[in-house]
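Coordinate analysis (summary)
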Amino acid sequence: MRRGGRWRARERLRLQAAAGHVSLPPWMRTALLAATAAAVIAAATATTATAAGSPWAAYLAPASACASADDVRAVPQVQKRALVCLVNWTRRHAGLRRLQWSKVLANAAGSKADTIASCGDFSHYPCGTRWPAQATRRNPFDIWGENLYYGGHTIATPRSAVLAWLESPEHRAILFGRPWRAIGVTVHHARSLGGNPAVAIWVLEVAGRQ
């Protein structure tokens, strides 16, 4: 179901108001890049990430809750499970439903990460491509969301990605979205991106019904 630009603008403001606002730390750049169908989507990068002093640290799962959430050397499958665990812990802590794994959304996330890495364009429409999660229209969803993150070295972990999203109003609105039912994530380890060597590109896809 495609919505008009005025509706999308209202929905963006509603989600942002629901999530609240904090001042972004100087190490983070964020941008609300686009809205597609009935989704609010955003992208984040960081040069360092730490929960110390963050007003949103209480929404970040403790180390014991999600295995390998801080392990930069864990294999991708383990890291993806850790990120899903972190997202669901955050949502549960906020009184929101747990999201179910979706292979369709995971494939969409994988396609997006591969394209970003191959063409070097960190955006929701890298090198002019379509947003792959729109393929989920054949599924029982009518609203979608996407968060992006990349980091290198110690900030390439699942925890770093979720913390960066929590610190940004637009990304936080995606994490705390009430309509979401399903989740798919991926991590792509690239040689370089944006002039930064050896980075992990994280893509989070969520979908649900209004």
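Coordinates for the structure precede this section.
Only a predicted model underlies this, so the values are computations on that prediction, with no experimental measurement involved.

Definitions and cut-offs
- Residues numbered from 1 in each chain as written.
- Predicted model: local features only at pLDDT ≥ 70, side-chain atom pairs only at ≥ 80, totals over all residues.
- Heavy atoms only, no water.
- Helix = DSSP H or I, 4+ residues; strand = E, 2+ residues; numbered from the N terminus.
- Buried < 20%, exposed > 50% of the residue type's maximum accessible area, 1.4 Å probe, protein only.
- Contact = heavy atoms within 4.5 Å.
- Pairing = 2+ DSSP bridges.
- Salt bridge = Lys/Arg side-chain N within 4 Å of Asp/Glu carboxyl O.
- Disulfide = S-S within 2.5 Å.
- Expected span 1.5 Å × (residues − 1).
- Polar contact = N/O pair within 3.5 Å; in protein donor to acceptor, adjacent residues only side chain to side chain.
- Phe/Tyr/Trp six-rings, centres within 6.5 Å; stacked < 30°, edge-to-face > 60°.

**Regarding the overall build of the protein**
Within the protein one finds 5 helices and 6 strands. Moving toward the C terminus, one meets the helices and strands of the protein in the order α-β-β-α-β-α-β-α-α-β-β. Taking all 210 residues of the protein together, 54% fall into the buried category. Within the protein, contacts between residues separated by at least 24 positions form 73% of all contacts whose residues are at least 6 apart in sequence.

**Observations regarding unusual backbone geometry**
Most peptide bonds take the trans form, and the phi angle of most residues other than glycine is negative. You will see that Cys 127, though not glycine, has its phi angle at about 55°, which is positive. If you trace the backbone, Cys 127 turns up in the loop between helix H3 (103-119) and strand S4 (143-152). On the accessibility criterion, Cys 127 (49% relative accessible area) is partly exposed. Its identity as a non-glycine residue notwithstanding, His 153 has a phi of 60°, on the positive side.

**Digging into the pairing of strand S6 (residues 196-208)**
With respect to burial, S6 is a largely interior element, 10 of its 13 residues being buried. Bridge count between S4 and S6: 10 bridges; the pairing is antiparallel. Within S6, the residue paired with Gly 152 across the bridge is Val 199. Hairpin remark: strand S5 (residues 180-193) followed by S6, antiparallel, with 2 residues in the connecting loop; positive phi at Gly 194, about 60°.

**Description of the pattern of salt bridges**
A side chain of one charge can pair with a side chain of the opposite charge if their charged atoms are brought near each other. All chains considered together, the criterion is met by 3 salt bridges. Lys 112 is paired through a salt bridge with Glu 146; the nearest N and O atoms lie 2.9 Å apart. Taken together, the positions of Lys 112 in helix H3 and Glu 146 in strand S4 put the pair 34 residues apart, joining distant regions of the chain. For the pair formed by Lys 112 and Glu 146, the shared burial category is buried.

**Notes on the pairing of S5**
Across 2 bridges, the pairing between strand S3 (residues 100-101) and S5 is parallel. Paired with Trp 101 across the bridge in S5 is Ile 183. With 12 bridges joining them, S5 and S6 adopt antiparallel strand pairing. Bridge pairing links Leu 193 to Asn 196 in S6.

**A look at the state of the cysteines**
With the rule as written, the count across this model stands at 2 disulfides. Here Cys 119 connects covalently by a disulfide to Cys 127, the sulfurs 2.4 Å from one another. Here Cys 119 and Cys 127 share a disulfide; its torsion about the S-S bond, 115°, makes the bridge right-handed. Along the protein, the cysteines engaged in disulfide bonds are linked according to the scheme 1-2, 3-4 when indexed in sequence order.

**A word on the environment of Ile 116**
For Ile 116, the position within the fold is in helix H3. With a relative accessible area of 0%, Ile 116 lands in the buried category. A C-alpha to C-alpha distance of 5.7 Å links Ile 116 and Pro 126, two positions 10 residues apart in sequence. Filtering out sequence-adjacent residues up to four positions away, Ile 116 remains in contact with Asp 121, Phe 122, Ser 123, Pro 126, Leu 148, Leu 193 and Ile 201.

**Quick notes on H3**
Compared with the 24 Å implied by 1.5 Å per residue over 17 residues, the 24 Å span of H3 between its first and last C-alpha is a close match. Capping the start of H3, Ser 102 holds a side-chain oxygen 3.4 Å from the backbone nitrogen of Val 104, two or three residues further along. Looking at the residues trailing H3, positive phi occurs at Gly 120, about 70°.

**Section: the packing of aromatic side chains**
Evaluated as defined, the whole model comprises 4 aromatic pairs. Taking 5.3 Å as the distance between ring centres and 45° as the angle between the ring planes, the aromatic pair formed by Trp 56 and Tyr 59 counts as tilted. A relative accessible area of 10% places Trp 56 in the buried class. Measuring from centroid to centroid gives 4.9 Å for Phe 122 and Tyr 150, while their planes differ by 80°, and the two rings are edge-to-face. Of this pair, Phe 122 sits in the loop between H3 and S4 while Tyr 150 is found in strand S4, placing the two residues 28 residues apart along the sequence.

The analysis is restricted to geometry; functional conclusions fall outside its scope.
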